[in-house]
Amino acid sequence: MASILPASNTSMRSDRNKYIGKGFVHVKNPYLDSMDEDILYHLDLGTKTHNLPAMFGDVKFVCVGGSPNRMKAFALFMHKELRLEDSEEDIKDICAGTDRYCMYKIGPVLSISHGMGVPSISIMLHELIKLLYHARCCDVTIIRIGTSGGIGIAPGSVVITDKAVDSFFKPQFEQVILDDTITRSTELDKELAEELLNCSKEIPDFPTLIGHTMCTHDFYEGQGRLDGALCSFSREKGLDYLKRAYNAGIRNIEMECTVFAAMCRLCGLKAAVVCVTLLNRLECDQINSPHDVLAEYQKRPQLLIAKFIKQRLGLHD
Ligand SMILES: O=P(O)(O)O[C@H]1O[C@H](CO)[C@@H](O)[C@H]1O
Ligand SMILES: O=c1cc[nH]c(=O)[nH]1
């Protein structure tokens, strides 16, 4: 897969402005184009060392999720679903030179892991978005396929996010930049969410709903759990918070959706968040379903996204 550039082909200063608009992925950084080289350190890729347009120019769908194993499994699944001619052994981790993230390319689909939490996904997204920009990708759809804690819905339900909200139930992402806090919108693509919901209706016994998703900066206290190493509130207070979240339209809690929505929106990527729920937080804090049940739950967003991508590509089951 690696396409290494000859030493002479090093300039980044091509006419980049023409790629803004028209569905091209763009960056909002006046300094980038004046750099002679851009090293995507955590992806082990770079503009001088790799021919990014040749390697990634045809990417139309990017799927991201926390776990490296899940994203490898998704890549292998997509390879089967798209019935590509190359063999399964050809699917190699493009980022094998770093153990921060993994990345697989299956035809027009890129599958990438992002680790847990806002800082981890944010670093990956900076470099991924620059990668798509350097590769001159256009009309890219990006989907986070994750796990989450449900609120007031049956475990195993798939939630398609309409609004990504913070711990105060606000549809915004606050980023500390230098010693200032700036607020970015977390609006997601409504049509894409509806398209995904319609797609889910074609899969038998597939509980799916559209709802708000809350992003927290902690799995334990931040999500109202009583079972962390620290807990500074009462059972009643924790439950009251979760009930208020439910009444505000929140149906699940995870740890990346707000920064994901904010960054993708600013850079011209149509984005969706599709997470399965592993438990009902109004009933318990611990994830206690058997391993095989959890493994099957984790596959649900993958099934839906595979169906969606095949529909978009005009492939039928
Ligand atoms: O299943 P993933 O994609 O890792 O996402 C969820 O799971 C992790 C916590 O277990 C957090 O990263 C949360 O957002
Ligand atoms: O409860 C949960 C389950 C998965 N991921 C989360 O962030 N919270």
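Residues numbered from 1 in each chain as written. Chains lettered and ligands numbered in written order. Predicted model: local features only at pLDDT ≥ 70, side-chain atom pairs only at ≥ 80, totals over all residues. Heavy atoms only, no water.

Topic: the site of ligand 2
This is how it is decided: Distances are taken per atom, and a residue is near a molecule or strand as soon as one of its heavy atoms is within 4 Å of it. Whenever a nitrogen or oxygen atom comes within 3.5 Å of another N or O atom, the pair is scored as a polar contact, on the condition that within protein one atom can donate a hydrogen and the other can accept it, and that pairs from neighbouring residues in sequence are kept only if both atoms are in side chains. Using a 1.4 Å probe, accessible areas were evaluated by the Shrake-Rupley method; residue-level cover was limited to the displayed protein chains. For the purposes of this entry, the term helix denotes a DSSP run of H or I that reaches at least four residues, the term strand denotes a run of E that reaches at least two, and both are numbered from the N terminus.
Lining the immediate environment of ligand 2, one finds Thr147, Ser148, Gly149, Phe219, Gln223, Arg225, Ile253, Glu254, Met255, Leu279 and Ile287. Between ligand 2 and the protein, one listed contact pairs a nitrogen atom with a side-chain N or O atom of Gln223 at 2.8 Å. Contact distances for ligand 2 include 2.6 Å between an oxygen atom and a side-chain N or O atom of Arg225. Contact with the protein chains covers 93% of the free accessible surface of ligand 2, which is 240 Å². Elements with a minimum of two residues in the shell around ligand 2: strand E6 (141-150) and strand E11 (250-254). A per-element tally of the shell around ligand 2 places E6 first, with three residues.

Observations concerning the environment of Leu128
The line we're drawing: Whether two residues touch is decided by their heavy atoms; if any such pair falls within 4.5 Å, the residues are in contact.
Along the polypeptide, Leu128 turns up in helix H3 (residues 118-134). When the C-alpha positions of Leu128 and Val62 are compared, they lie 9.5 Å apart, and in sequence the two are 66 residues distant. Here Leu128 is in contact with Leu43, Val62, Val64, Leu110, Ile112 and Ile142, once residues within four sequence places are set aside.

Some words on the confidence of the model for the protein
This is how the line gets drawn: Scored from 0 to 100, pLDDT reflects the predictor's confidence in each residue.
For the protein, mean pLDDT is 94; residues scoring 70 or higher make up 93% of the total. pLDDT under 50 marks residues 6-15. Its contacts with residues more than four places away, or in other chains, come to 14 contacts. Confidence estimates for the predicted assembly give a pTM of 0.95 and an ipTM of 0.99.

Topic: the site of ligand 1
Taken together, Gly65, Gly66, Arg70, Met116, Gly117, Arg144, Gly146, Thr147, Phe219, Glu254, Met255 and Glu256 make up the full set of residues adjacent to ligand 1. The contact in question runs from an oxygen atom of ligand 1 to an N or O atom on the side chain of Thr147, over 2.6 Å. Take Glu256: an N or O atom from its side chain is 2.5 Å from an oxygen atom of ligand 1. Its free accessible area being 350 Å², ligand 1 has 87% of it covered by the protein chains.

With respect to the state of the cysteines
This is how it is decided: Working definition: a disulfide is two cysteine sulfur atoms within 2.5 Å of each other. Only protein chains enter the accessibility calculation, which uses a 1.4 Å probe; a residue is then buried when its area is under 20% of its type maximum, exposed when over 50%, and partly exposed in between.
This model, assessed by the stated rule, comprises zero disulfides. With no disulfide partner, Cys137 has as its closest neighbouring cysteine sulfur the one in Cys138, 8.0 Å distant. The thiol of Cys257 is unpaired, and the distance to the nearest cysteine sulfur, on Cys215, comes to 4.7 Å. For Cys257, a relative accessible area of 0% translates into the label buried.

What about the packing of aromatic side chains?
Filter applied, for reference: In summary, the pairing rule links any two rings of Phe, Tyr or Trp, Trp by its six-membered ring, whose centres are within 6.5 Å, and it sorts them by plane angle into stacked for under 30 degrees, edge-to-face for over 60 and tilted for everything else. We call a charge positioned above a ring when the Lys NZ or Arg CZ atom is no farther than 6 Å from the ring centre and deviates by at most 35 degrees from the ring normal.
This model, assessed by the stated rule, comprises three aromatic pairs. Aromatic pair Phe219 and Tyr220: ring centres 5.0 Å apart, planes at 75°, arrangement edge-to-face. Classification of Phe219 as partly exposed rests on a relative accessible area of 29%. Positioned above the aromatic ring of Tyr246, the side-chain terminus of Arg251 is 3.7 Å from the ring centre.

Let's talk about helix H7 (residues 291-312)
In an α-helix, one turn spans 3.6 residues, which is why side chains three or four residues apart end up on the same side. Note the following rule: A helix is expected to reach a length of 1.5 Å times the quantity of its residues less one. Each residue is assigned a bend, namely the angle between axes fitted to the seven residues that terminate at it and the seven residues that start at it.
Counted at 1.5 Å a residue, the expected span for H7 with its 22 residues is 32 Å, and the 33 Å between its end C-alpha atoms agrees. When the local axis directions of H7 are compared, the greatest deviation, roughly 25°, occurs at Arg300, which is followed within four positions by the proline Pro301. The complete set of buried residues in H7 reads Leu294, Tyr297, Arg300, Pro301, Gln302, Leu304, Ile305, Ala306, Lys307, Phe308, Ile309 and Lys310. Downstream of H7 by a residue or two, Gly314 has a phi angle that is positive, lying close to 75°.

Digging into the UniProt feature "binding site: phosphate" (unreviewed entry) in the protein
Convention followed: UniProt positions are given in the numbering used here, feature names are shortened, and annotations may be inferred rather than shown by experiment.
The residues that UniProt annotates with the feature "binding site: phosphate" (unreviewed entry) are Arg100, Arg144, Ile145, Gly146 and Thr147. Turning to its location among the elements, Ile145 is positioned in strand E6. The exposure class assigned to Ile145 is buried, which follows from its relative accessible area of 1%. For Thr147, the location among the structural elements is in strand E6. A relative accessible area of 22% means that Thr147 is categorised as partly exposed. In this view, Thr147 contacts Arg70, Glu254, Cys275, Val276, Leu278 and Gln298; residues no more than four positions away in its chain are not counted.

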